[in-house]
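Coordinate analysis (summary)
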Amino acid sequence: MCNHRNAGIIGIGSAVPDKVLTNADLEKIVDTNDEWIRNMTGISERRMAAEGESTSDYAAKAARVAIERAGLEPKDIDLIIVATVTGDMPFPSTACIVQNILGCKDTPAYDLSAGCSGWVYALSNANAFVRSGIYNHVLVIGADLLSRVTNWTDRSTCCLFGDGAGAAVVGPVDEEQGLLAFELGSDGAGANALRIPAGGSRKPCTPEVLLAHEDKIFMEGREVFKFAVKIQGMAIEKVLAKCGMTTGDISLVIPHQANIRIIESAVQRLGLSMDKFFVNLHKYGNTSAASIPLALDEAMQAGRVKKDDTIVVVGFGAGLTWAAGVMKWAY
Ligand code: UT7
């Protein structure tokens, strides 16, 4: 990694739809119940985008807040990265649509697909660009409307997901501050465990495909659960080792908000107390690439993240992918 200057988050924001879908609402749609969902996942409710809205709407809302909190204007942004698996359209990229909404004139923009690890992947891209001096201010957005690709007849998945967006501006920070290390990985042998089977080049949409809900999320829940439990703890240990830290140095972990039992497994493995992990999944469910920046923003607004704190972010998801990062909070 280049060592020209340090890069860190200098502004963060998030946006979620107003509409709330509770577990009681889900009981009216599929054969489920509030107790099962809360016991098995920790989720009580999630947010749903309204008809006519799209991922770029929430991405841009979150971005505006992050840019303002960084004390910047859209013209100051040098690069836009949107981590998403539910872009507005297969192409153009959602990042280009966000660029136009924000009025970031001529700013380069691209989407990044790494499932629920996407925002941390994008954060590592931003780190490399800012550290090396190529760009000064990179907008890193995680945004997904999973409600659009949820199979509302499948009770094992439809209770898990929600909609939202989170965004951060990454810029130059003082020495020893900001983003310190990343641990990224993938294992494509697990690609089938979590996927949308149709709608891409392999299986274009046909009436039969739509009837079989193959344009919606398919998940081997148990397989993904086992993978998540193993990889989450391992990724945290590896990323801490990269910057000579131990679990004792952690101020707060912002884990991907998929399932409270997966988070509890990391608490146990790392020998930390639960209050070292920020949790908001009861309110939003799994919002994919939005999950970590949305939680980080809430933690920040709640006063749980302060200057010089050591913050660990960790995600896992479709790919299969995983990503962890360590930062010294810079403001
Ligand atoms: O971002 C990464 C994305 N994904 C994840 O992190 C998810 C990882 N996986 C999980 O969180 C868990 O696998 C789930 C919470 C999705 C499911 O938990 P599980 O312990 O793997 O349960 P299961 O799918 O094996 O189902 C156990 C039982 C089954 O009934 P039988 O066959 O034992 O009679 C299911 O039919 O629970 C039943 N079930 C439900 N019951 C009520 C499954 N979904 C529901 C439901 N309500 N919504």
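Regarding the domain arrangement of the protein
- Here the domain parsing of the protein yields domain 1 (6-176) and domain 2 (180-328).
- Between the C-alpha centres of domain 1 and domain 2 there is a distance of 14 Å.
- Between domain 1 and domain 2, the contact holds 48 residues from the first and 45 residues from the second.
- The largest per-residue losses of area from domain 1 upon contact with domain 2 belong to C116, V120 and Y121, which jointly make up 17% of the total buried on that side.
- The interface formed by domain 1 and domain 2 contains 1 salt bridge.
- A salt bridge links D297 to R69; the shortest N-O distance between them is 2.9 Å.
- Between domain 1 and domain 2 we count 16 residue pairs in polar contact (both at pLDDT 80 or more) in total.
- Elements supplying a minimum of two residues to the side of domain 1 that touches domain 2: strand 1 (6-15), helix 2 (34-41), strand 3 (45-48), helix 5 (118-131), strand 6 (138-145) and strand 7 (163-173).
- If one sorts the elements of the side of domain 1 that touches domain 2 by residue count, helix 5 sits on top with 6 residues.
- Its residues assigned to classes, the side of domain 1 that touches domain 2 comprises 20 nonpolar, 20 polar and 8 charged.

Some points on the sheet that holds strand 12 (residues 310-317)
- A sheet is described by the order of its strands in space; here 4 strands give the open sequence 8-13-12-11, paired in mixed fashion. Two strands bound the open sheet, and with one partner strand each, they are strand 8 (178-186) and strand 11 (252-255). The average undirected angle you get between the axes of adjacent strands in this sheet is 15 degrees.
- Note: strand 11 against strand 12, 4 bridges, orientation parallel. For I254, the partnering residue across the bridge sits in strand 12 and is V313.
- Across the face of the sheet, helix 5 comes into contact with strand 8, strand 12 and strand 13 (321-328) while running at roughly 130 degrees to strand 8.

What about helix 11 (residues 291-301)?
- Across the 11 residues that make up helix 11, a large majority, 10, are buried.
- Among all positions in helix 11, only S291, I292, P293, L294, A295, L296, D297, E298, A299 and M300 are buried.

Re the site of the ligand
- Around the ligand sit 22 residues in total, of which T32, R155, H256, N259 and N286 are the nearest.
- Between R155 and the ligand, the recorded distance is 2.8 Å, taken from a backbone N or O atom to a nitrogen atom.
- The separation between an oxygen atom of the ligand and a polar side-chain atom of R222 is 3.0 Å.
- Burial of the ligand by the protein amounts to 74% of the accessible area it has alone, namely 960 Å².
- When contributions to the shell around the ligand are tallied by element, the ones reaching two or more residues are helix 2, helix 6 (155-158), helix 8 (221-242) and helix 9 (260-270).
- When residues of the shell around the ligand are sorted by domain, at least three fall in each of domain 1 (6-176) and domain 2 (180-328).

Describing the packing of helix 3 (residues 55-69) against helix 4 (residues 94-102)
- Helix 4 packs onto helix 3 with a crossing angle of 55 degrees between their chain directions and a minimal axis gap of 9 Å. Judged by the inter-axis angle, helix 3 sits oblique to helix 4. Considering how the two elements wind past one another, helix 3 and helix 4 form a crossing that is right-handed. Of helix 4, the residues touching helix 3 (which contributes T55, S56, A59, A60, A63, R64 and I67) are T94, I97, V98, I101 and L102.
- Across the contact of helix 3 with helix 4, the residue classes break down as 8 nonpolar, 3 polar and 1 charged.

Cut-off values and rules
Residues numbered from 1 in each chain as written. Predicted model: local features only at pLDDT ≥ 70, side-chain atom pairs only at ≥ 80, totals over all residues. Heavy atoms only, no water. Domains from an automatic or database assignment. Contact = heavy atoms within 4.5 Å. Buried area = accessible area lost by both parts, 1.4 Å probe. Salt bridge = Lys/Arg side-chain N within 4 Å of Asp/Glu carboxyl O. Polar contact = N/O pair within 3.5 Å; in protein donor to acceptor, adjacent residues only side chain to side chain. Helix = DSSP H or I, 4+ residues; strand = E, 2+ residues; numbered from the N terminus. Nonpolar A, V, L, I, M, F, W, Y, C, P; charged D, E, K, R; others polar. Pairing = 2+ DSSP bridges. Axes fitted to C-alpha atoms, helices over the stretch in contact; angles between N-to-C directions. Buried < 20%, exposed > 50% of the residue type's maximum accessible area, 1.4 Å probe, protein only. Near = heavy atom within 4 Å. Areas by Shrake-Rupley, 256 points an atom, 1.4 Å probe, with all protein chains shown as cover. Parallel < 35°, antiparallel > 145°, perpendicular 65-115°, else oblique. Left-handed = near helix turned anticlockwise from the far one by under 90°.

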